[in-house]
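Each chain, letter by letter, is given below.
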Amino acid sequence: MNTFTLIFIAALTISVAVRIWLALRHLHYVASHRNAVPAAFSDAITLTQHHKAADYTLAKTRLSFLQIALEAALLLAFTLGGGLQWLDDTLTGVVASDMARNILLIGSVILIGAAVELPLDLYRKFVIENRFGFNTLTPKRFLLDMLMQTTLGVLLGLPLLFAVLWLMQTAGALWWLYAWLVWVGFNLTLLAIYPTFIAPLFNRFEPMENGTLKSRIEQLLQKCGFTAQGLFVMDGSKRSSHGNAYFTGFGKTKRIVLFDTLLSHLEADEVEAVLAHELGHFKRRHVIKRMAWVFAASLAVLWTLNWLMTQTWFFSGLNVTNQNTGVALVLFFLVLPVFTFLLQPLTSLYSRKHEFEADQYAAVQTRAHSLISALTKLYRDNAATLTPDPLYAMFYNSHPDAQQRIAHLQRAAHN
């Protein structure tokens, strides 16, 4: 057996085992803390609401076991099971053009992966979300969203895929650098057009009505030195009762978006504090920093792919004999998560650091107690667990856990 085959099997076994172990820990930890509301939240969240959050978390975590198993089975089917080799052989027999065959191969793998994921997505949205009273999405809307996402994926992704494959085949030894430049340009363009051209295809965005809240927000924006194209309310309630707020775009396309569900749940000072948190990400240049890390990582990834394309053991170790660009691209991105999973705590830690910094900014620009009140309501209304397993959170949570976050804000309020 190829040495890389053994390495791949070992890495897959470790990643699956760790994911299962973390999920089991999370189940046990949440269940064992189900019958007591943490002291910091005892005045605002009832035991019944705490039970709901625990049960919601347990239901989602149990579903993750099936997702882990399906992902591992699909990966093995494509690699050691010979699925990718069979797909490429089949397409080679019916498609003469190398470019068309590679595009169809990649499209087929994406389609198969989406088909495997679809039942889990349906169960998540129409069973779990329904059971806990969050889903407002109709089957018709779900189907329309899926068709729209597929159409956009083809219209936007196909030119990018064509450009990358063409560079891989024709640009010589530095194709990975040129492909990276194309990738960066594509992402920056997407960020620029998303607020005004893509997001409105899925949701309705209406300018916030004049009133006390709008005046307070405009004063906050002026105080923070933030200029935006507009302040909009999004009809998030047509898909879910979960609330949120965000800003999107860059340069002249920046806009601030508040979910209608958020406005219905929070008081004016709480909305202002949540928005100040989002502005904290902007003022602390978190978006730019994350983009820089993503672009740097993507450059390293493309360089690694360029090297692996020339290594016969990479293909043979994964039970593939056809060493063309399309197969290399698919194979690489199929197995990459297996070898990078154990690095996930680092990216989560970096994200949580940014959340603490944004909270600190909000505490200075508004009132820490207003943000504490807003977050408490959001935890309650979104049924977010107040007691995640620490190791599970270390791997997966992009935000600090509720108790750490409130304690941090309480310290800020007394400084």
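Residues numbered from 1 in each chain as written. Predicted model: local features only at pLDDT ≥ 70, side-chain atom pairs only at ≥ 80, totals over all residues. Heavy atoms only, no water.

**A closer look at the overall build of the chain**
Helices and strands together make up the secondary structure of the chain, namely 16 helices and four strands. Over its C-alpha atoms the chain spans a radius of gyration of 24 Å, differing by no more than 12% from the 22 Å that the globule rule assigns to 415 residues. Along the three orthogonal principal directions, the C-alpha set of the chain runs to about 65 × 50 × 45 Å. Looking at the chain residue by residue over its 415 residues, the buried ones come to 45%. Counting contacts in the chain only where the partners sit at least 6 residues apart, residues at least 24 apart contribute 77% of the total. Element-wise, carbon and sulfur atoms account for 65% of the exposed surface of the chain, whose accessible area totals about 20,700 Å². Each charge class in the chain can be summarised by its mean position, and for the 33 positive and 26 negative side chains these summaries are 3 Å apart. (Helix = DSSP H or I, 4+ residues; strand = E, 2+ residues; numbered from the N terminus. Rg over C-alpha atoms; globule rule 2.2 N^0.38 Å. Buried < 20%, exposed > 50% of the residue type's maximum accessible area, 1.4 Å probe, protein only. Contact = heavy atoms within 4.5 Å. Areas by Shrake-Rupley, 256 points an atom, 1.4 Å probe, with all protein chains shown as cover. Lys, Arg positive; Asp, Glu negative; His and termini not counted. Charge placed at Lys NZ, Arg CZ, Asp CG, Glu CD.)

**Describing the packing of helix 1 (residues 3-32) against helix 2 (residues 47-78)**
One way to put it is that helix 1 packs onto helix 2 with a least axis distance of 9 Å and a crossing angle of 170°. When the interaxial angle is binned, helix 1 and helix 2 end up roughly antiparallel. On helix 2, the residues touching Phe 8, Leu 12, Val 16, Arg 19, Ile 20, Ala 23, Leu 24, His 26, Leu 27, Val 30 and Ala 31 of helix 1 are Ala 54, Thr 57, Leu 58, Thr 61, Arg 62, Ser 64, Phe 65, Ile 68, Glu 71, Ala 72, Leu 75 and Leu 76. Each residue belonging to the contact of helix 1 with helix 2 can be placed in one class, and the counts come to 16 nonpolar, four polar and three charged. (Axes fitted to C-alpha atoms, helices over the stretch in contact; angles between N-to-C directions. Parallel < 35°, antiparallel > 145°, perpendicular 65-115°, else oblique. Nonpolar A, V, L, I, M, F, W, Y, C, P; charged D, E, K, R; others polar.)

**Comments concerning the pattern of salt bridges**
Inspection of every chain in the model, using the stated rule, returns 19 salt bridges. Sharing partners across several salt bridges, the network here consists of Glu 117, Asp 121, Arg 124 and Lys 125. (Salt bridge = Lys/Arg side-chain N within 4 Å of Asp/Glu carboxyl O.)

**Considerations on the sheet that holds strand 3 (residues 245-248)**
Strand order in the open sheet made by the four strands is 1-2-4-3, with mixed pairing throughout. Here the strands that pair on one side only, and so sit at the sheet edges, are strand 1 (205-207) and strand 3. Neighbour to neighbour, the strand axes of the sheet diverge by 30° on average, direction disregarded. Sheet topology places strand 1 next to strand 2 (residues 231-234); three bridges connect them, and they run antiparallel. For Pro 207, the partnering residue across the bridge sits in strand 2 and is Phe 232. (Pairing = 2+ DSSP bridges.)

**What about a positive patch on the surface?**
Taken together, the side chains of Lys 283, Arg 284, Arg 285 and Lys 289 define a basic patch exposed on the protein surface. Along the chain, Lys 283 turns up in helix 9 (residues 268-283). (Patch = residues over 30% accessible without salt bridge, like charges linked within 9 Å, V, L, I, M, F, W, Y side chains within 5 Å.)

**Examining the nonpolar core**
Core analysis: the biggest nonpolar cluster contains 45 residues, and Leu 84, Leu 165, Met 168, Trp 175, Leu 305 and Phe 314 have the highest contact counts within it. If you tally residues by element for this core, the top one is helix 12 (residues 325-340), at eight residues. Other than its neighbours up to four places away in sequence, Leu 305 contacts Met 168, Trp 175, Ala 328, Leu 329, Phe 332 and Phe 333. With 43 residues, the next largest nonpolar core counts Phe 205, Leu 266, Leu 275 and Ala 362 among its residues. (Core = buried A, V, L, I, M, F, W, Y, C linked by side-chain atoms within 4.5 Å.)

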